Amino acid sequence: MENKKPLRSRTTILLSINAAAILIAGVLIASAIWFNGGMTFRAVDERSDIVADATSEMELLESVSDSDAEVITTIIGNDDYVSTTSHEFDNSAVPDGKLWNEKTITIYATPDTDICVGGGLSNLGEMYWQTSDTSVIGGFYDSARTWLGYSNDTCRYPVINGTGTTTITAGTYDGLRKDSITVTVIDPPVEQWEHEVLTLVNKIRIKNNLRQLAWGDTCSYAADIRANETMVLYAHTRPDGSSWSTVCPAPESGGISGENLAIGNAAVSPATVVALWMGSESHRANILNPEYTKLSVGFVFDPSSTYRTYWSQFFSTY
């Protein structure tokens, strides 16, 4: 939709929300760590680290400015831009008694990865998951984040409390399998991820025979400001009551601009947030607008806040 400046500029705004418990139908992006194995071990009686399942179906909340009304619509992923990751398993290459090939892994604190055991293993049954340092990983939900492509059968969604290193021990109650792995949690690379969003957007635009967008230096600060402002007010109205477009207004010579926003645990990486926007017709319209020439991206990760991840896209011709 448009918000026109007399003879000079045109602005387009689009809003997407996925809160801390949202399922985006069709958005299947997997980057899980997969491992295999099997052997006899003494049965373990405790299951101290599993927490209640707090996941539920999520929806996209869009703001429709021409009527100032809010409508709720479910995102359906577009197969042209959203796909699952294929995993191959070779249990014969893993020593007996192992759930994981690797001894150490590193994941981001967003988190963008669930922790998984080998999908090719049979008769896993009910498993326990334990962590040695709850200040890093506090436990695991009873299920994986299936809306990001993870399997409830073999993956667990870690409750990340901070950065650092912890030892994860997992096993089956029948005692047949048990293994440990050292997990290091690090903060996401903010500036790198912002530019990765631009790279992903340009790949999509090339596929649609559109010119690539340049990094929007003029409004780069604006995207950062808007990402921070969504922590206070998730809307295209800024916390001071002014329009979002005032953060980087069009010059007197004219120009157009647009905004996409996303927050929550279904937007935990550049790939997932771009897939989220591409799964919505209205947000996709901004990404595929042939008139835009520049894109600035803002990203904030605050583990102490309600939604943890906050994204903004600021499109413009200036």
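Residues numbered from 1 in each chain as written. Predicted model: local features only at pLDDT ≥ 70, side-chain atom pairs only at ≥ 80, totals over all residues. Heavy atoms only, no water.

As annotated in an unreviewed UniProt entry, the chain carries the name SCP domain-containing protein and comes from Candidatus Nanosyncoccus alces.

Trainee: Help me out: how do you make sense of the pairing of strand β13 (residues 178–186) in this one?
Mentor: The side chains of a regular strand alternate between the sheet's two faces. Of the two faces of β13, the one lined by D179, I181, V183 and V185 is fully buried and the one lined by K178, S180, T182, T184 and I186 carries no buried residue. In the sheet, strand β6 (residues 104–108) pairs with β13 via five bridges, with the strands oriented parallel. In the strand pairing of β13, I105 is matched with V183. Pairing between strand β12 (residues 164–172) and β13: eight bridges, direction antiparallel. Bridge pairing in β13 links T165 to T184. Linking two consecutive strands that pair antiparallel, namely β12 and β13, is a turn of five residues; a positive phi of about 80° is found at G175 within it. (Buried < 20%, exposed > 50% of the residue type's maximum accessible area, 1.4 Å probe, protein only. Helix = DSSP H or I, 4+ residues; strand = E, 2+ residues; numbered from the N terminus. Pairing = 2+ DSSP bridges.)

Trainee: Which parts of the structure should I look at to understand unusual backbone geometry?
Mentor: Residues apart from glycine generally show negative phi values, whereas peptide bonds are mostly found in trans. Its identity is not glycine, yet N209 carries a phi of approximately 60°, on the positive side. Here the phi dihedral of R308 falls at roughly 70°; this positive angle occurs in a residue that is not glycine. Following the sequence through the fold, R308 ends up in the loop between β16 (294–301) and β17 (309–316).

Trainee: What exactly am I supposed to notice about the sheet that holds β12 here?
Mentor: Picture the strands of a sheet paired through backbone hydrogen bonds; they go either parallel or antiparallel. Across the sheet, which stays open at both edges, the four strands sit in the order β6-β13-β12-β8 with mixed pairing between neighbours. Each of the sheet's edge strands pairs with one partner strand only, and the pair in question is β6 and β8 (127–131). Adjacent strand axes in the sheet meet at a mean angle of 30° when their direction is disregarded. (Axes fitted to C-alpha atoms, helices over the stretch in contact; angles between N-to-C directions.)

Trainee: What is the right way to read the packing of aromatic side chains from this model?
Mentor: What characterises a pair of aromatic rings is the spacing of the ring centres plus the angle enclosed by the ring planes. What the rule picks out here adds up to 10 aromatic pairs. An aromatic cluster is defined as three or more aromatic residues linked by ring pairs; in this entry it consists of Y108, W193, F299 and W311. Just above the ring of Y157 sits the side chain of R145; from NZ or CZ to the centre is 4.3 Å. (Phe/Tyr/Trp six-rings, centres within 6.5 Å; stacked < 30°, edge-to-face > 60°. Lys NZ or Arg CZ within 6 Å of the ring centre and 35° of its normal.)

Trainee: Explain the environment of V247 here, please?
Mentor: Structurally, V247 can be placed in the loop between α2 (220–229) and β15 (255–263). When the C-alpha positions of V247 and C219 are compared, they lie 8.2 Å apart, and in sequence the two are 28 residues distant. Contact partners of V247, with chain neighbours within four places excluded, come to Y221, A222, I225, R226, R238 and F314. (Contact = heavy atoms within 4.5 Å.)

Trainee: Just to check I follow, could you spell out the state of the cysteines for this structure?
Mentor: When the sulfur atoms of two cysteines share a covalent bond, that bond is a disulfide. This structure, assessed with the given rule, holds two disulfides. Between the sulfur of C116 and that of C155 lies a disulfide, 2.0 Å long from S to S. Handedness of the C116-C155 disulfide follows from its S-S torsion of about 105°: it is right-handed. Taken together, the residues C116 in strand β7 (residues 115–116) and C155 in strand β10 (residues 155–156) connect sequence positions 39 residues apart. For C116, a relative accessible area of 0% corresponds to the buried category. Since its relative accessible area comes to 0%, C155 is described here as buried. The residue that forms a disulfide with C219 is C248, at a sulfur-sulfur distance of 2.0 Å. (Disulfide = S-S within 2.5 Å.)

Trainee: Looking at this structure, how should I read α2?
Mentor: In an α-helix, one turn spans 3.6 residues, which is why side chains three or four residues apart end up on the same side. Looking only at α2, the buried set comprises S220, A222, A223, R226, A227 and E229. Buried residues along α2 sit in contact with β14 (214–215), β15, β16 and β17.

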